[in-house]
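Structure assessment
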Amino acid sequence: MTTAASNLDAYWMPFTANRDFKANPRVISGASGHYYTTDDGVKLYDTFSGLWTSGIGHCHPKIVEAVQQQVAKLDYCMSFQVTNNKAIELADRVTKMAPDGIDHCFFTNSGSESVDTALKIALGYHRARGEGNRSRLIGREKGYHGVNFGGMSVGGIVPNRKIFSTALLPGVDHLRHTLDIERNAFSRGLPKHGAELAEDLERLCALHDGSNIAAVIVEPVAGSAGVIPPPPGYLQRLREICDQHGILLIFDEVIAAFGRLGTPFGAHRFGVTPDIITTAKGLTNGVIPMGAVLVRDTVYDAFMQGPPNMVEIFHGYTYSGHPVAAAAGLASMDVYEEEGIFEQSAALEQQFEDLLHSFADQKHVIDVRNFGLMGAIEMAPRDGAPGARGGEAHKKCFWDEKLVIRNGMDILQFSPFLNSKPDEMEQSFAAVRRVLDSIE
Ligand SMILES: Cc1ncc(COP(=O)(O)O)c(C=O)c1O
């Protein structure tokens, strides 16, 4: 398979071992449905549906058509002071899909921007209500909230923070993470142990006084750290503690929203409604970059004070609510509904869980975790070479099995299409098994 690319050297790749990649580049030039293709026409099955982005599949004709039509009709218009019809329509559509009470939508261009926007909204909300002292933010160890300064500060993945540690936001604390392989290894779905870890929030309220805390942000199911579902009752307890202390609860649903957990939002699946939801990825099925921050009425209303000719929040992006992205978003919402994508996702869960857990007796495997259509197989690191097994698995899958998988160090992560075909899912895991059989 040739994957030659001209002047590869100019391109500094994100979250990639650049030198290792450039020695053996893996370049995609086309996609359709559940497959990628390389320049020379080799087809690869995508086990990660983009980067948790493309649950419907690649190049869905309806989304492609919507984007083509929109770009020819209105390519861009100013996002401050005037707006475009598609952004208005999409905000209405997405808030109608969101849990009851979440009625307003602020557009961004990515998950990272959604998170930093949400943190700013939380601080502004308290200040508008005369509680500007509430400035502390709480994240969680192993949390991933993107790479901007706010998200990085509340995030809890060590290498993402390490070299920036002196520049992180002040006044941030972290709950302990809920990954407990000793007690919960090979849990199917939510792990039994660990709900008591939600009490960390009470401890921080006692330490700082809850009246100084603005917001708590968590992913309902931690994704990038290697799929860490919450123990039953954990999110409910965070909600209770937030209510007791007047703290805003933010669910970072950049991955969990739009069917990944078999429901429109992760909040629906857990029966817990936060005050703010951050999204991106599935909002446009990954077709055009776009994110959104969805907020309760009470949060929005707190800003809508003062002289009506004044800007209420001095925040926004040139491309907030971009018309072409919004058109992709509207077409994605149509496909989600017309093709019953969330229902298809829910129906695939059992097969996905069974396939993942068939790796429980595989050599090197120390844990398997899953919830909805998010799954991980964790391998023990090779002595003195953490990440080597995972990296080898990724490359062997690509070259030998024509399969794109994602690894974070030695954790293989899976994010199948929400409309995966059962036989293709089975074949893809058979291929992963052949690869893991060959890895020492
Ligand atoms: C939960 C969560 N938040 C934020 C982000 C950052 O999104 P982006 O890469 O679009 O900035 C991600 C990306 O994977 C994510 O999973």
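The residue numbers shown here count from 1 along each chain, following its written sequence. Reporting in this predicted model follows two pLDDT cut-offs: at least 70 for local features of residues, and 80 or more for side-chain atom pairs to be given and counted; totals over whole chains, interfaces and linings ignore these cut-offs and use all residues.

1. Digging into the overall build of the protein
From N to C terminus, the protein includes 16 helices and 15 strands. Radius of gyration: C-alpha atoms only; globule rule: 2.2 Å multiplied by the number of residues to the exponent 0.38. Taking 22 Å as the expected radius of gyration for a compact globule of 440 residues, we find that the protein reaches 22 Å, a close match to that expectation. With respect to the principal axes defined by its C-alpha atoms, the protein has extents near 65 × 55 × 45 Å. Here the C-beta atoms are placed from the backbone, and a residue counts as buried if at least 20 other C-beta atoms lie within 10 Å of its own, exposed if 12 or fewer do, and partly exposed otherwise. Counting the 440 residues in the protein, one finds 48% classified as buried. Throughout, a residue-residue contact means that the two C-beta atoms, derived from backbone geometry, are no farther apart than 7 Å. Sequence-distant contacts in the protein: of pairs separated by 6 or more residues, those separated by 24 or more amount to 71%. Comment: elements are numbered from the N terminus, with helices defined as DSSP H or I runs of at least four residues and strands as E runs of at least two.

2. Observations concerning the site of the ligand
Whether a residue is near a molecule or strand depends on its C-beta atom, generated from backbone atoms, being within 6 Å of that molecule or strand. In the vicinity of the ligand there are 14 residues, among which Ser110, Gly111, Ser112, Gly146 and Val254 approach most closely. Element by element, the count of residues in the shell around the ligand is highest for helix 5 (residues 111–128), at three residues.

3. With respect to the nonpolar core
The nonpolar core is taken to be a set of buried Ala, Val, Leu, Ile, Met, Phe, Trp, Tyr and Cys residues joined by way of C-beta atoms within 7 Å. In terms of nonpolar packing, the biggest core is built from 115 residues, with Val216 and Ile276 touching the most fellow members. The element contributing the most residues to this core is helix 13 (residues 323–338), with 10 residues. The residues that make up this core include at least three from each of domain 1 (8–56 + 340–437) and domain 2 (64–338). Excluding its chain neighbours within four sequence positions, the residues that come into contact with Val216 are Ile138, Leu201, Leu238, Cys242, Ile247, Leu249 and Ile250. Just so you know, the domain bounds were taken from an automatic or database domain assignment.

4. Points about the domain arrangement of the protein
Segmentation of the protein into domains returns domain 1 (8–56 + 340–437) and domain 2 (64–338). The partner domain 2 presents 30 residues to the 30 residues of domain 1 that form the contact. Looking at the side of domain 1 that touches domain 2, the elements that each hand over two or more residues are helix 2 (49–52), helix 14 (341–357), strand 11 (365–371), strand 12 (374–379) and strand 15 (411–414). Ranked by residue count, the leading element in the side of domain 1 that touches domain 2 is helix 14, at seven residues.

5. Some remarks on the packing of helix 4 (residues 85–97) against helix 13
Here the axes come from fitting lines to C-alpha atoms, over the contacting stretch only for helices, and the angles between their N-to-C directions go from 0 to 180 degrees. Packing of helix 4 against helix 13 brings their axes to within 8 Å, and their N-to-C directions diverge by 35°. Considering how the two elements wind past one another, helix 4 and helix 13 form a crossing that is left-handed. Contact with helix 4, carried on its side by Lys86, Ala87, Glu89, Leu90 and Arg93, involves Pro323, Ala326, Ala327, Gly329, Leu330 and Met333 of helix 13 and no other residues of that element. Definitions for this section: a left-handed crossing has its near helix turned counterclockwise from the far helix by less than a right angle. A right-handed crossing has that turn clockwise.

6. Focus: the packing of helix 9 (residues 199–208) against helix 10 (residues 234–245)
For the pair helix 9 and helix 10, the least separation of the axes is 9 Å and the interaxial angle reads 20°. Between helix 9 and helix 10, the angle is such that the two are roughly parallel. Like other packed secondary-structure pairs, helix 9 and helix 10 cross with a definite hand, here right-handed. Only Leu238, Ile241 and His245 of helix 10 make contact with helix 9, whose side of the interface consists of Leu201, Glu202 and Cys205. For the contact of helix 9 with helix 10, the residue count by class is four nonpolar, one polar and one charged. Convention used here: angles under 35 degrees read as roughly parallel, angles over 145 as roughly antiparallel, angles from 65 to 115 as roughly perpendicular, and any remaining angle as oblique. Each residue gets one of three labels, nonpolar for Ala, Val, Leu, Ile, Met, Phe, Trp, Tyr, Cys and Pro, charged for Asp, Glu, Lys and Arg, and polar for the others, Gly among them.

7. Considering helix 3 (residues 61–73)
Side chains of residues three or four places apart in an α-helix project in the same direction, reflecting 3.6 residues per turn. With 13 residues, helix 3 should reach 18 Å at 1.5 Å per residue; the first-to-last C-alpha distance of 18 Å fits that figure. Regarding helix 3, the residues found buried are Ile63, Ala66 and Gln70. Buried residues along helix 3 cover an arc of 60° about the axis, so they all sit on one side. Across helix 3 from its buried face, at more than 90 degrees, point the exposed residues Pro61, Glu65, Gln68 and Ala72. Next to the buried residues of helix 3 lie helix 4 and helix 13. By this rule the span expected of a helix is its residue count minus one, scaled by 1.5 Å. By definition, the arc is the one covered by directions from the helix axis to the C-beta atoms.

8. Details of the sheet that holds strand 2 (residues 35–37)
Read from one edge of the open sheet, four strands run 1-2-3-13, paired in mixed fashion. Edge positions in the sheet fall to strand 1 (30–32) and strand 13 (403–404), since each has one partner strand and no second. Two strands are counted as paired when DSSP detects at least two bridges linking them. Across three bridges, strand 2 lies against strand 3 (residues 43–46) in antiparallel orientation. What sits directly across from Thr37, in strand 3, is Lys43.

9. A look at the sheet that holds strand 15
In a beta sheet, neighbouring strands are held together by backbone hydrogen bonds and run either parallel or antiparallel to one another. With antiparallel pairing, four strands are arranged side by side in an open sheet as 11-12-15-14. Looking along the sheet, the strands with just one partner apiece sit at the ends: strand 11 and strand 14 (406–408). Geometrically, the sheet is characterised by an average inter-axis angle of 20° between neighbouring strands, direction not taken into account. Here strand 12 pairs with strand 15 via four bridges, running antiparallel. What sits directly across from Gly375, in strand 15, is Phe414.

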